[in-house]
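Fold and geometry: a report
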Amino acid sequence: MLENIKEIQPRIERRDAAENRQRILIAAHKLFEKNGVAQVSMNQIAVEAQIGPGTLYRRYANKGELCLDLIKESVLQLFEDIERYLLQNQQEPPEQRLKGILRIFMPFIEKKAQLLTGGAGSTSAKRLPYQSQNPLYNKMHQITVGLFDEMAAGDFSSPKSLFRADMLMTAISIDSYLFQRDVRGYSPDEILENLCSTFI
């Protein structure tokens, strides 16, 4: 299952480049934790990492790319957890398994919300790729299509699995999640409960 998210695997790099990358990530993590992603500039990260801005921009064109690199390990762990859950619960109905993976996925979104926005709103920010270009959402889409296919096998009046998965991915995108939480006032548990009642 994890072979399809190779694009988020760490790449092989020279030792000096790897050291610079680590310094950048440590500095960015420290500044983001202290000030929030949107309030930190790329220049501040370069100063904190004790590297030149050119070195930083050669590695990361914008904060969105840097944020994606910061969550790579967390994304890999997320899908390992989902894969483990699906293996351990393969005898459960697909509806139950979909609820289970949403219970794993939604806390990840809550915890990584700032990084998933890529620091939107700041001058050096660029949003993470749209869902169709984002390995996190692509992998979740693939899993949910499979589960919707299983659900539809006995119910010919069900909407197409691909469309249902597209709509679910839209509903769990970071923009939608933050809107429901911050504007509508739903708690993370209420968002999860409403997702389950809407899509399952």
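Structure shown above.
Conventions adopted
- Residues numbered from 1 in each chain as written.
- Predicted model: local features only at pLDDT ≥ 70, side-chain atom pairs only at ≥ 80, totals over all residues.
- Heavy atoms only, no water.
- Helix = DSSP H or I, 4+ residues; strand = E, 2+ residues; numbered from the N terminus.
- Buried < 20%, exposed > 50% of the residue type's maximum accessible area, 1.4 Å probe, protein only.
- Contact = heavy atoms within 4.5 Å.
- Areas by Shrake-Rupley, 256 points an atom, 1.4 Å probe, with all protein chains shown as cover.
- Phe/Tyr/Trp six-rings, centres within 6.5 Å; stacked < 30°, edge-to-face > 60°.
- Axes fitted to C-alpha atoms, helices over the stretch in contact; angles between N-to-C directions.
- Parallel < 35°, antiparallel > 145°, perpendicular 65-115°, else oblique.
- Nonpolar A, V, L, I, M, F, W, Y, C, P; charged D, E, K, R; others polar.
- Core = buried A, V, L, I, M, F, W, Y, C linked by side-chain atoms within 4.5 Å.
- Salt bridge = Lys/Arg side-chain N within 4 Å of Asp/Glu carboxyl O.

With that settled, consider the overall build of the protein. Helix and strand counts for the protein stand at 11 helices and 0 strands. Each helix and strand of the protein, placed in order from N terminus to C terminus, yields the pattern α-α-α-α-α-α-α-α-α-α-α. Per-residue burial for the protein yields a buried fraction of 44% across its 200 residues. Across the protein, the fraction of contacts at a sequence separation of at least 24, relative to all contacts at a separation of at least 6, is 67%. With the model as given, the accessible surface of the protein reaches about 11100 Å², and the carbon-plus-sulfur share is 50%.

Working definition: an aromatic ring pair is given by the centre-to-centre distance plus the angle between the planes. The final tally for this structure, using the stated rule, is 2 aromatic pairs. For the ring pair phenylalanine 105 and phenylalanine 108, a centre distance of 6.3 Å and an interplane angle of 35° mean the geometry is tilted. Of this pair, phenylalanine 105 and phenylalanine 108 are both found in helix α6 (residues 94-111), 3 residues apart, which corresponds to roughly one turn of the helix. Taking 6.2 Å as the distance between ring centres and 75° as the angle between the ring planes, the aromatic pair formed by phenylalanine 105 and tyrosine 137 counts as edge-to-face. Pair noted here: phenylalanine 105 is in helix α6 and tyrosine 137 is in helix α8 (residues 135-152), with a separation of 32 residues, a long-range link. This pair shows no difference in class: phenylalanine 105 is buried, exactly as tyrosine 137 is. Among the aromatic residues, those joined into a cluster by ring pairs are Phe105, Phe108 and Tyr137.

Turning next to the packing of helix α5 (residues 72-88) against α8. Interaxial distance between α5 and α8 falls to 11 Å at its minimum, and their mutual angle equals 10°. Regarding the angle of α5 to α8, the classification is roughly parallel. Across the interface between the two elements, Val75, Leu78, Phe79, Ile82 and Leu86 of α5 pack against Leu136, Lys139, Met140 and Ile143 of α8. The residue makeup of the contact of α5 with α8, split by class, is 8 nonpolar, no polar and 1 charged.

With 55 residues, the main nonpolar core has Phe32, Ile45, Leu66 and Ile172 as its most contacted residues. Here the element with the most residues in this core is α8; it accounts for 8 residues. Ignoring sequence-local partners within four residues, the contact set of phenylalanine 32 consists of Val37, Val40, Ile45, Lys63, Leu66, Cys67, Leu70 and Leu115.

Further remarks concern the pattern of salt bridges. Overall, the coordinates contain 8 salt bridges when judged by the stated rule. A salt bridge links lysine 30 to glutamate 48, with the nearest nitrogen and oxygen atoms 2.9 Å apart. On the criterion of sequence distance, the pair formed by lysine 30 in helix α1 (residues 15-35) and glutamate 48 in helix α2 (residues 42-49) is long-range, its members being 18 residues apart. With a shortest N-O distance of 2.7 Å, aspartate 182 and arginine 181 are connected by a salt bridge. Members of the salt-bridge network, linked through shared partners, are Arg21, Asp69 and Lys72.

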